[in-house]
Amino acid sequence: MLINRNMILGISRQRGVTLIELMVAGVVGLIVLSGVVRVMLDSRKNYTLEQEVSYIQENARIAVDILSRDIRMVDYRGCATSVSKNDIVNTLPATGGVTIGNVPIQGFTHSGSWRPAALPNILPGGISSTGDVLMLAAAFDPGTVLQAPMADPSADIFAVQTPSDWNKNDRFMLADCDDVVISQVNDVSNGSPVQISSNPNLGKAFGRDSLLLPFELRSYFMMPSNITGSMSLWRQVNGDAAQELFSGIHSMQFLYGLDTSLVPDGVVDQYFTADQITQTEASGSAGQLQAWDRVTTVIIRLLFISDREVFPQNISKTFFNVTYNDRYLYQPVEVSVKIRNRGVVDV
């Protein structure tokens, strides 16, 4: 076999990579790899931050929507806007020391103990002292109208459209433009239309098209979450088992705007915390006007916290006069809510 001279020369000219070239290549590779790792870490941090911002914003939106909607509905009575609160007939029995409907809005704040008084015993134990308690009694949800006039006041039977969601012991408000009654369902007879009986006597035979509304006591407060390790906003309805709405709320305070004029004009004169409101109803004399029936506006102050640490080191920040020093992301929210149905004629 003949070996080509050019082949021999080509083989003799082949050379390997020198040590210096290998070291240079390694350094260049490490530089490129470190850049890739840095980009990945930054992307992960940004992703975590975006997740936590979205988590906080969603919770804040839900909280403001729920609380604002319920606060606005306090004292809603349909067309019975000229009916004084003292003329509303309330036949509901007391539940856990609370007669639902007697105080449409009331708050509690913790300053060593719950004030203005101990929490009603219908509320669960374990409520966080870092958040206020808000209790609202109102017709929050859309109702229906009577399908026929009541036969007489003593019968206390009225007809509503089919289908019906009413059940025994449900609380209700029945109103026309002249009278308002708050009572409880005694029995439901399914048919067309559905027949509902109340107990005790309503004292009036309401006519066709009178407004029938579900009436509830809704309490809002903070307790530890059953899902995450943070605090959650909870809601209790009519003293039943509390429901967890969402987590990630760190503090909750309310300021109440009161019309303290001797002659009420529906305009807020001063804001108070719950422990500064000493009465249920205002009297006609100066100095006796800080009462829950004079509340016309509520300022909601909420502080939300991220579920995870998002900063590489502790950061000092102050919200609502409280300073925090940690790695969590916080978002304060403050909104003012006008009670739509309170004005000159309601006080």
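Just checking my understanding: could you explain the pattern of salt bridges for this structure?
Oppositely charged side chains may form a pair once their charged atoms are brought near each other. Overall, the coordinates contain eleven salt bridges when judged by the stated rule. Among the salt bridges present, the one from arginine 61 reaches glutamate 58, with a minimum N-O distance of 2.9 Å. Of the two residues, arginine 61 and glutamate 58 both sit in helix α2 (residues 19–72), three residues apart, roughly one turn of that helix. Its salt-bridge partner being arginine 218, residue aspartate 141 comes within 3.0 Å of it at the nearest N-O pair. In this pair, aspartate 141 sits in the loop between β4 (133–138) and β5 (144–145) while arginine 218 sits in strand β11 (residues 216–224), placing the two residues 77 residues apart along the sequence. For aspartate 141, a relative accessible area of 34% translates into the label partly exposed. A cluster of three or more residues bridged by salt bridges with shared partners is formed by Asp70, Asp141, Glu216 and Arg218.

Honestly, the nonpolar core in this entry has me stumped. Any pointers?
Soluble globular proteins tend to bury their nonpolar side chains together. Counting 36 residues, the largest nonpolar core has Ile105, Tyr256, Val295, Leu302 and Phe304 as the members making the most contacts within it. At the level of elements, α2, β4, β11, β14 (249–258), β16 (295–305) and β19 (330–338) are the ones that each hand at least two residues to this core. When residues of this core are assigned to their parent elements, the largest contribution, six residues, is made by α2. In this structure leucine 302 touches Ala63, Leu67, Ile249, Ser251, Met252, Phe320, Gln331, Pro332 and Val333, once residues within four positions along its chain are discounted. Grouped together as the second largest cluster of nonpolar side chains are 23 residues, Val83, Leu92, Ile100 and Leu123 included.

I would appreciate a short explanation of the environment of arginine 342 in the present structure.
Note on placement: arginine 342 falls in the segment after β19. Between the C-alpha atom of arginine 342 and that of aspartate 75, which follows or precedes it by 267 residues, the distance is 6.9 Å. Those residues in contact with arginine 342, other than ones at most four positions away along the chain, are Val74, Asp75, Pro104, Ile105, Trp292, Asp293, Arg294 and Val295. Of the polar contacts made by the side chain of arginine 342, one reaches the side chain of aspartate 75; its length is 2.7 Å. Side-chain polar atoms of arginine 342 contact the backbone oxygen of tryptophan 292, separated by 2.9 Å.

Looking at this model, I keep getting lost on the sheet that holds β19. Mind explaining?
In sheet architecture, strand pairing relies on hydrogen bonds along the backbone and comes in two forms, parallel and antiparallel. The strand order across the open sheet formed by four strands is β15-β14-β16-β19, and the pairing between neighbours is antiparallel. Only two strands of the sheet have a single partner each, and these edge strands are β15 (270–272) and β19. Along the sheet, successive strands turn relative to each other by an average axial angle of 20°, direction set aside. Judged from the nine bridges that link them, β16 and β19 form a sheet pairing that is antiparallel. Note on β19: the bridge partner recorded for isoleucine 305 is tyrosine 330.

I would appreciate a short explanation of the state of the cysteines in the present structure.
Here, disulfide denotes a covalent bond that connects the sulfur atoms of two cysteines. All told, the structure shown has one disulfide when counted by the stated rule. Across a sulfur-sulfur distance of 1.9 Å, cysteine 79 and cysteine 177 are joined as a disulfide pair. Because the torsion about its S-S bond is -110°, the bridge between cysteine 79 and cysteine 177 counts as left-handed. Separated by 98 residues along the polypeptide, cysteine 79 in the loop between α2 and β1 (89–90) and cysteine 177 in the loop between β7 (171–175) and β8 (180–189) bring together distant segments of the chain.

Help me understand the packing of aromatic side chains in this model?
The description of an aromatic ring pair uses the distance of the two centres, along with the angle that the planes make with each other. In total, this model carries six aromatic pairs according to the counting rule given. Here the aromatic rings of tyrosine 256 and tryptophan 292 are separated by 4.9 Å at their centres, their planes lie at 85°, and the arrangement is edge-to-face. Remark: tryptophan 292 occurs in the loop between β15 and β16 and tyrosine 256 occurs in strand β14; sequence separation between them is 36 residues. Of the residues examined, tyrosine 256 reaches a relative accessible area of 0% and is grouped as buried. Measuring from centroid to centroid gives 5.9 Å for phenylalanine 319 and tyrosine 330, while their planes differ by 35°, and the two rings are tilted. Of this pair, phenylalanine 319 sits in strand β17 (residues 315–319) while tyrosine 330 is found in strand β19, placing the two residues eleven residues apart along the sequence. For the pair phenylalanine 319 and tyrosine 330, one class covers both residues: buried. Taken together through their ring pairs, the aromatic side chains of Phe254, Tyr256 and Trp292 make up a single cluster. Lying across the ring of phenylalanine 206, lysine 204 places its NZ or CZ 5.0 Å from the centre.

Looking at this structure, I do not really get the sheet that holds β4. What am I missing?
Pairing in this open sheet of six strands is antiparallel, and the strands run β3-β2-β4-β11-β12-β13 from one edge to the other. In this open sheet, the two strands that pair with only one neighbour each are β3 (114–115) and β13 (243–247). Bridging between strand β2 (residues 105–110) and β4 involves four bridges; their strand directions are antiparallel. Counted as the bridge partner of isoleucine 105 is leucine 136 from β4.

Thresholds, definitions, all that
- Residues numbered from 1 in each chain as written.
- Predicted model: local features only at pLDDT ≥ 70, side-chain atom pairs only at ≥ 80, totals over all residues.
- Heavy atoms only, no water.
- Salt bridge = Lys/Arg side-chain N within 4 Å of Asp/Glu carboxyl O.
- Helix = DSSP H or I, 4+ residues; strand = E, 2+ residues; numbered from the N terminus.
- Buried < 20%, exposed > 50% of the residue type's maximum accessible area, 1.4 Å probe, protein only.
- Core = buried A, V, L, I, M, F, W, Y, C linked by side-chain atoms within 4.5 Å.
- Contact = heavy atoms within 4.5 Å.
- Polar contact = N/O pair within 3.5 Å; in protein donor to acceptor, adjacent residues only side chain to side chain.
- Pairing = 2+ DSSP bridges.
- Axes fitted to C-alpha atoms, helices over the stretch in contact; angles between N-to-C directions.
- Disulfide = S-S within 2.5 Å.
- Phe/Tyr/Trp six-rings, centres within 6.5 Å; stacked < 30°, edge-to-face > 60°.
- Lys NZ or Arg CZ within 6 Å of the ring centre and 35° of its normal.

Purely geometric stuff here, so don't read any function into it on its own.
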